[in-house]
Each structure stands twice: as structure tokens, then as C-alpha cells.
Amino acid sequence: MVDGGDVGWLSAREERFRERFQQLLLVPNRDLAQGWQLAADVGRPAVPLLWDMLQSERSNVGRRLVLLGAALAAGGMAEDERLLAWLGQQKSMLEERTLAAMWLAEGPRRPRGVDAFVARCQGPARTPEPVLRVAVRLAAARFPGAETEDSVGPEEDPGLAAAGAFGGIAVAASLAQRLWDLRTPVRHAELFWRGALLAGARGLVGDRPVDADLLQRARERMALTGDQNAPVRAAAAWYRLRAGDLRQEGARPEWDLLQILVAESDGARRLRGWLGPVPQPRDEQPARLAVAYVLSRQPAEVVADRESWAGDARIRAHVAVALAWRLTGETDPKPIAEDLTTVPEWAFVRWASGATVQPVPALDDGPLLTAAQLMAGERLPRAALRQVLEDTLWRWGSHPGLSAWEQERLLVRDLLLVGSNTGGGKYAPHVRPTQIYRPTGIGRDDEFFTVAVALHEFLGRPRLPIPAEHRLR
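Residues numbered from 1 in each chain as written. Predicted model: local features only at pLDDT ≥ 70, side-chain atom pairs only at ≥ 80, totals over all residues. Heavy atoms only, no water.

## Section: the overall build of the protein
- For the protein, the helix and strand inventory stands at 24 helices and 2 strands.
- The C-alpha radius of gyration computed for the protein amounts to 24 Å, which stays within 12% of the reference 23 Å derived for 473 residues, consistent with globular compactness.
- Considering only C-alpha atoms, the protein reaches an extent of 65 × 65 × 40 Å along its principal axes.
- Each of the 473 residues in the protein was classed as buried or not, and the buried ones make up 55%.
- Restricting the contact set of the protein to residue pairs at least 6 apart, pairs at least 24 apart contribute 66%.
- Surface exposure of the protein reaches about 21000 Å², of which carbon and sulfur atoms provide 49%. (Helix = DSSP H or I, 4+ residues; strand = E, 2+ residues; numbered from the N terminus. Rg over C-alpha atoms; globule rule 2.2 N^0.38 Å. Buried < 20%, exposed > 50% of the residue type's maximum accessible area, 1.4 Å probe, protein only. Contact = heavy atoms within 4.5 Å. Areas by Shrake-Rupley, 256 points an atom, 1.4 Å probe, with all protein chains shown as cover.)

Pasting the structure below:
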């Protein structure tokens, strides 16, 4: 309990957990990922203890960063108010502020804004260090209204402009014009392109009109060649998908670009000719394309193809779960009598179609097994089953929404971490350090990057809940 006596919370005096967190996070042979995972598993009850441990570290910034990561992992979005109150202190805390902003930038979009978000995150400095400004602008993408609190001037560098564009912050027209110019490209302009395109795609919801100029720029950049332009092509593809600007023309794209183009049902249907019941030999992530295949067809077509996809152990469980998800969205599905003994997850297809299934299938996945047991006892509502099925695809890494989620995280990484020597350099070992963008303010050998890279990779594993902006649609 906390010092105030609330049941269910770990207080600062909870020595057993304190010692365990110290062993995992603060000793020379520490295991940050395991320590942060423990914090996430315990959840909000661990928050008071972890914040107390953080505040007890007066001068060791490295230890403070590690404990901040643990407190954020434990609290999640539910502890935004506590985090923002802490950031509101009139202390510089450059490294802590930057790490917290990076964590916010890699999280889901919040349903409500926060007053003075940018000012609270940046702190009391009149001229915040560029690395902090980049991080806070990236984080602004997650808080409605934060984009009105800052602007990108004509003298700023492409990285600051990219972070601002991603956060929806206005970029000076003269700077944007220079950065968009393909004839005489500005160094690191591709970061700005990615930020603007990802933000543009994020904003295309409801009846919001498509920006014709941005759409044309997306088309031009999707035509760029070379491995170095792969992230640009991916951002452009995401914008074109959201804009409804897809046609099945020419040769089938490589799997990594195709999975973005078909990350939503509309794109999957438009490009269904490129999606089949079995993966192609060069498809390195076949399960995600297999789920898109399910989105591209009527359920009856997927059932008819079952002998093809059920023969591939890499995709059959994913296809069955995705098909069951499709069926839970239908008002009056036709019961499916066909059975697939090699695919235990097929039971969910039959349940979702209205057929009776007994007994409970043998499933290796704990949450799915629990759902099956509840379904067998008629204790799981249809809407709840639908959420369980989509959550499963996210946990398994085959959810189509992960494609855009990964591109957003990739931009955060490339703007904040790649230019460091303590961890980030491994992301671009073939690129000369002088050619990599690096915002100034924290030395490239600083321990900050060791912790920040570890936190970035910890956050790179798909975890629930699914961000609302990336749910299937």
C-alpha cells in the first residue's frame, strides 16, 4: 500500500519490490528490459514506489533515467497527469525531459489535449536544446491542440522541421518550400518528408479533405528508388492509402511496401490481385500479408481457399483469427460447417459464424484459450470476442496496423537516436557519422542514449491496448 494506506498500491517502504527493481535496474549487470517488463506487469500499483526511487536519486542522471523508464512502463497513459505535473517543475532536467518526451512520442494518441503541453515538457529554459525540442515536437503528435503551441521558423534545420511536421506544428512556408524541392534537395530533407506524410495520413479521418499538393508529393516520393529511400516510400504509401489513391498497376511491390498499402480494408480490397491465400517466396512477413488477404475477400472466399492457406504453418492461425474477426462484424453470418482439424483457431471461425463447437480446442495461446473456454460456456459476448481476436493479431505481430505504427517509431528513432555512439549507431552502421542527422544538446557518447535506445527497443514489442488510431478498419 502507499504511505496513505490505500490498498493495492506499493508504498515506498515495500522493500521486497524495491530490492527486486534495484537488482534488475541499478546494479552493474542490470537487465533493463526485464526490469521494465516487471514494472509493466505490476502496473499502476508499482507507480508510487518507482517514483519514490526516482526522486531519491539526487545526482546520478543515468539511474534517474532508468527509473523514469520503469515508472512510465508501470503507469502508462493512466499516469499522464503525474508525469506532466513532474515535468512542470522549474528544473532543467534535459535528459529526463527528453526521455519522457520520446516515450510520449512512441505511445498512442490521447483523446484529450493538455494545457501548455509544449511549455511544460520543455521546461524553464528560454532556448531549449535542439534534442529536447525535437523530442517534444514529436510528442506533440499525441496530444490534440499541442500543435498550436509552437511553430517552425525559416531558419531551423530539417530535423526540427521534421519533428514539427510530424507533430502537426506549422512549418514556415519558405522552409517547407526548400525542403520539398526534389531538384536541389536539402540535406536530411527526407526526414521532413516522412514527418509531413505520416502526419498527413494521421489527419485523414472522417470527412477531412485530401491535400492535393501533399498527395502529389506522396506519389513523387513513392517513385524514388534505392534502399535509403525505403522509409520515404513507406510514409508516402501510408498517405496514399489513407487518401484512397491506390490502383493495382504494374508489378507487385516488394512485401514491405505492399503491407503498408494494404494495411486497411479499403487498400486490401483495391489491391486484392496482389494478395493470395499463400505467401510468395520473398515475403519476409507473410502473416501480416495473410491477414490483409482476409480483409481483401468476402469470408466465403477465404473459406473456399482453406486448403491452400491451411497448409502453411506460418500463416494458418493468423488467417483463421482474422477470418473470425471478420465474421464477428457481420450481423447475420451463415454458419460454417466445414472443419479444419489442423487449425485449432478454426473453432473461432465456426463460433463467429454461429455454428456450435464442442469441445474447447487445444490452444497454446493463453488469452485465446481463455476466450475459447468462455465461448464454450456462452459467457463471452460477441463484441468482446471481436476485441480478443484483434488483440491477438496485434500480439502476434500480424495486425496490419503495425505497419504504420512501426513507421512512426522509425521516424522517432532516426531523429533522436541514430546519431549517438552509445547504442544508436547500430541502426545505420553503413552510414558515415557525418551523414547522419543528430540534434545537439546531449553528447553522442552520453549514457542517455544507452538508456533511450534500450527503452525504444523495449517499446518496440507490440503491447496492448491497441492504439485507437491503428485499429482495424
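## Quick word on the environment of Y437
- Mapped onto the secondary structure, Y437 falls in the loop between α23 (402-416) and α24 (447-459).
- The exposure class assigned to Y437 is buried, which follows from its relative accessible area of 8%.
- Contact partners of Y437, with chain neighbours within four places excluded, come to V134, D157, G159, L160, H188, L191, D414, L415 and G419.
- At 3.1 Å, the side chain of Y437 and the side chain of D157 are in polar contact. (Polar contact = N/O pair within 3.5 Å; in protein donor to acceptor, adjacent residues only side chain to side chain.)

## A look at the side chain of D150
- Position of D150 relative to the elements: it lies in the loop between α8 (130-139) and β1 (151-152).
- For D150, a relative accessible area of 19% puts it in the buried group.
- At 2.9 Å, the side chain of D150 forms a polar contact with the side chain of R137.
- Each residue touching D150, except ones within four places of it in the same chain, is listed here: R133, R137 and I169.

## Digging into the environment of A70
- Residue position: A70 is located in helix α4 (residues 61-75).
- For A70, a relative accessible area of 0% puts it in the buried group.
- Separated by 16 residues in the primary sequence, A70 and L54 have C-alpha atoms spaced 9.4 Å apart.
- Sequence-distant contacts of A70, defined by excluding residues within four places in its chain, comprise L25, W36, A39 and L50.

## Regarding the packing of aromatic side chains
- In total, this model carries 8 aromatic pairs according to the counting rule given.
- An angle of 65° between the planes, with centres 5.2 Å apart, marks the rings of W180 and F192 as edge-to-face. Note that W180 is positioned in helix α10 (residues 173-180) and F192 in helix α11 (residues 189-203), a separation of 12 residues in sequence. Taken individually, W180 and F192 each receive the classification buried, so the pair is uniform in this respect.
- Stacked on the ring of W405, the Lys or Arg R409 has its end atom at 5.3 Å from the ring centre.
- We note R463 situated over the ring of F458; from NZ or CZ to the ring centre the distance is 3.9 Å. (Phe/Tyr/Trp six-rings, centres within 6.5 Å; stacked < 30°, edge-to-face > 60°. Lys NZ or Arg CZ within 6 Å of the ring centre and 35° of its normal.)

## A look at α24
- With 13 residues, α24 should cover 18 Å at 1.5 Å per step; its first-to-last C-alpha distance of 19 Å lies within 8% of that length.
- All of the buried residues in α24 are F448, F449, V451, A452, V453, L455, H456, F458 and L459.
- Residues of α24 that are buried sit in contact with α2 (32-42), α4, α6 (94-105) and α23.
- At the N-terminal boundary of α24, the capping side chain belongs to D446, with an oxygen 2.7 Å from the backbone nitrogen of F448. (Expected span 1.5 Å × (residues − 1).)

## Quick look at α8
- By the criterion of burial, α8 is predominantly enclosed, with 9 of the 10 residues buried.
- Along α8, the residues classified as buried are V131, L132, R133, V134, A135, V136, R137, L138 and A139.
- Along its buried surface, α8 packs onto α6, α7 (117-122), β1, α9 (158-166) and α23.

## Description of the confidence of the model for the protein
- Overall, the predicted model of the protein reaches an average pLDDT of 93, with 98% of residues at or above 70.
- Across residues 1-5 the pLDDT falls below 50, and counting only partners more than four positions away or on other chains, this stretch makes 12 contacts in the model. (pLDDT = per-residue confidence, 0-100.)

## Details of unusual backbone geometry
- Residue P465 is reached from L464 by a cis peptide bond, and omega for that bond is 0°.
- On the secondary structure map, P465 appears in the segment after α24.
- In this model, M93 sits at a positive phi of 45°, which is unusual for a non-glycine residue.
- Considering the arrangement of structural elements, one finds M93 in the loop between α5 (80-87) and α6.
- In this structure, A116 takes a positive phi of about 55° despite not being glycine.
- Assignment of secondary structure puts A116 in the loop between α6 and α7.

## Describing the nonpolar core
- Judged by nonpolar contacts, the single largest core of 160 residues is most densely connected at L25, F117 and F348.
- Beyond its immediate sequence surroundings of up to four residues, F117 is in contact with L84, L104, V136, A139, A140, F143, A146 and E149. (Core = buried A, V, L, I, M, F, W, Y, C linked by side-chain atoms within 4.5 Å.)

## Notes on the side chain of H470
- Among the structural elements, H470 can be located in the segment after α24.
- Apart from the residues within four sequence positions on either side, H470 is in contact with W394, H399, G401, A404, W405 and E408.

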